[in-house]
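# An overview of the molecular structure
In case you want the letters, here they are:
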Amino acid sequence: ASFISGIAPVMGGQDVSDAVTWRDGLGHRGFAWHSPPQVALVVKKWGCSEASSALRRVVESLLARGIEVWLDGADPCVGASGQTAQLFPDVPRFNGAQEQQRAMVDFIVTVGGDGTLLRTAGYFQDDSVPMPPVVSFSFGSLGFLTPFQFDEHESPDQVLDSVLAARPETGGINCTLRSRIRCELIDEEGVVHITRLALNECVLAQNGARPIVRVDCLVDGQHVTQIQGDGVILSTPTGSSAYNTAAGGGLVAPSVPCILLTAVAPHSLSMRPLVLPADATVELLVPPQSRSFPLATVDGRGLARMKVGSRVRVTKASSPVPVLETAAVSGPAGWLQQISRKLHWGTPIR
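## What about the overall build of the protein chain?
On a plain count of helices and strands, the protein chain comes out with seven helices and 22 strands. With 350 residues in all, the protein chain has 54% of them scored as buried. Long-range contacts, defined here as pairs at least 24 residues apart, represent 65% of the contacts in the protein chain between residues at least 6 apart. Element-wise, carbon and sulfur atoms account for 52% of the exposed surface of the protein chain, whose accessible area totals about 15200 Å².

This is the structure in structure tokens:
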């Protein structure tokens, strides 16, 4: 086993090389602890009674195993008057804005769906600090990012035991490193105002009943084309099965290092989606002749309204999202099984 620098999570302030082992593979790793984890962040789907019930079982299971549990402080249900707050009044609340708290989290358990994992990844925006590994339980939604179906287990104990018992001598547990993109909003003076990491995509799109979006596209500083249409998507491989697919882009396995560029309803029959190298720098610039000011969003959340001369610069982020999973859904074969079962890809029409 070898330690892969820059992607293993920090363990409660311990030296990272003493905490975990990652077994080599292209986008897929075998994860193992070098020392026992101590702190788990548990995040659930907001406004979902099923998720609240499941969260209770997860928290009780972790506490019984001697793991310190933190709950999502931004969740209304976890707030002072929420149902979960009454069940676990002494469990600490996690504040994603506090760097010290983020550094203390050893692993994360999400209970909900893909949106819950996207929101959780949004709490870990420091690209210089590796994100802790994630154990994701799903409630029967599409669930590309949530490999463990909660209703398939009488309790979360089996899954959590396999995670906590992952050691180098036992071969660890399967893990997919889902790459993110770094999205920088730059004004007309060249000043970076906002930086966000996206697990799915960065989108420039129409803002209300405005004219069509017009943006110049540059790759590695070279002007490539001007895109006119309803918008532009810059997607990760993970996000290729989300908005990118709905807009006609291709499906890409999460282990493929790339950035996808897809125009939304382009005013050109030749504007085909592109798959660019992961190390490419892609910029979307609002040109002087533009009559509309597109809204920039990251993973579905509004970033800012663009102005003439402003741009979004997208590069590959240094910190991926490590998603722990079963062997059945890990690797290219598992991914193909997922898109066949959940998107009915390749299903013959009979």
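Continuing now.
## Some thoughts on the sheet that holds strand β14 (residues 222–229)
Taken in spatial order, the six strands line up as β11-β10-β21-β18-β13-β14 in an open sheet, and their pairing is antiparallel. At either margin of the open sheet sits one strand with a lone partner, and together these are β11 (192–198) and β14. Across the sheet, the mean angle from the axis of one strand to that of its neighbour is 20°, orientation sign disregarded. Direction of pairing for strand β10 (residues 181–186) relative to β11: antiparallel, over a ladder of six bridges. Directly across from I186, in β11, lies its bridge partner V192.

## Focus on unusual backbone geometry
Despite not being glycine, D299 has its phi angle at roughly 50°, a positive value. Within the element layout of this structure, D299 appears in the loop between β19 (295–298) and β20 (301–305). On the accessibility criterion, D299 (16% relative accessible area) is buried. Positive phi, normally seen in glycine, also occurs at H344, with a value near 60°. Along the chain, the position of H344 falls in the segment after α7 (331–342).

## Focus: the packing of aromatic side chains
Counted by the stated rule, this structure contains six aromatic pairs. With centroids separated by 4.7 Å and ring planes inclined at 85°, the aromatic side chains of F31 and W33 adopt a geometry described as edge-to-face. Both residues of the pair, F31 and W33, count as buried. Summarising the aromatic geometry, the rings of F94 and F124 are spaced 5.9 Å apart at their centres and angled 20° between planes, so their arrangement reads as stacked. Residue F94 is located in strand β5 (residues 93–94), and its partner F124 is located in the loop between α4 (114–123) and β7 (134–138); the two are separated by 30 residues in the primary sequence. Taking the relative accessible area as the measure of exposure, F124 reaches 6% and is therefore buried. Through pairs of rings, three or more aromatic residues link up here, namely W70, F94, Y123 and F124.

## Section: the nonpolar core
Grouped together as the largest cluster of nonpolar side chains are 33 residues, with contacts concentrated most on V42, L62, L71, F107, V109 and V135. Those elements giving two or more residues to this core turn out to be β2 (28–33), β3 (39–44), α1 (49–64), β4 (68–72), β6 (107–112), β7, α5 (157–164) and β9 (173–178). For this core, the element with the most residues is α1, which contributes six residues. Sequence-distant contacts of V42, that is, excluding residues within four places in its chain, are made with L55, V58, V59, L62, V69, W70, L71, D72 and V109. Judged by nonpolar contacts, the second largest core, of 28 residues, contains C183, L185, V232 and L303.

## Structural notes on the pattern of salt bridges
For the structure on display, the rule yields nine salt bridges. For D157, the salt bridge goes to R65, with nearest N and O atoms at 3.7 Å. Residue D157 is found in helix α5, and its partner R65 is found in the loop between α1 and β4; the two are separated by 92 residues along the sequence. What makes D157 partly exposed here is its relative accessible area of 26%. The residue D72 makes a salt bridge to R119 at a minimum N-O spacing of 2.8 Å. Taken together, the positions of D72 in strand β4 and R119 in helix α4 put the pair 47 residues apart, joining distant regions of the chain. R119 matches D72 in its accessibility class, with the two residues each being buried. Among the charged side chains, a network of salt bridges with common partners joins D127, R182, E184 and R313.

## Considerations on the environment of R93
Position of R93 relative to the elements: it lies in strand β5. Taking the C-alpha atoms as reference points, R93 and V69, separated by 24 residues in sequence, lie 8.9 Å from one another. Reaching out from R93, the side chain makes a polar contact with the backbone oxygen of F88 at a distance of 3.0 Å. A polar atom in the side chain of R93 sits 2.4 Å from the backbone oxygen of V91.

## A short note on the side chain of T120
With respect to the helices, strands and loops of the structure, T120 is situated in helix α4. Ignoring anything within four residues of it in the chain, the contact list for T120 reads V43, I108, T110 and M131.

## Topic: a nonpolar patch on the surface
On the surface, a nonpolar cluster with roughly 360 Å² of combined accessible area is contributed by L142, L336, L343 and W345. Assignment of secondary structure puts L142 in the loop between β7 and β8 (148–149).

## Side note on α1
In this model α1 runs 23 Å from its N-terminal to its C-terminal C-alpha over 16 residues, within 8% of the 22 Å that 1.5 Å per residue would give. For α1, the complete set of buried residues consists of A51, S52, A54, L55, V58, V59, S61 and L62. G66 sits one or two positions beyond α1 and adopts a positive phi of about 80°.

Definitions and cut-offs
Residues numbered from 1 in each chain as written. Predicted model: local features only at pLDDT ≥ 70, side-chain atom pairs only at ≥ 80, totals over all residues. Heavy atoms only, no water. Helix = DSSP H or I, 4+ residues; strand = E, 2+ residues; numbered from the N terminus. Buried < 20%, exposed > 50% of the residue type's maximum accessible area, 1.4 Å probe, protein only. Contact = heavy atoms within 4.5 Å. Areas by Shrake-Rupley, 256 points an atom, 1.4 Å probe, with all protein chains shown as cover. Pairing = 2+ DSSP bridges. Axes fitted to C-alpha atoms, helices over the stretch in contact; angles between N-to-C directions. Phe/Tyr/Trp six-rings, centres within 6.5 Å; stacked < 30°, edge-to-face > 60°. Core = buried A, V, L, I, M, F, W, Y, C linked by side-chain atoms within 4.5 Å. Salt bridge = Lys/Arg side-chain N within 4 Å of Asp/Glu carboxyl O. Polar contact = N/O pair within 3.5 Å; in protein donor to acceptor, adjacent residues only side chain to side chain. Patch = residues over 30% accessible without salt bridge, like charges linked within 9 Å, V, L, I, M, F, W, Y side chains within 5 Å. Expected span 1.5 Å × (residues − 1).

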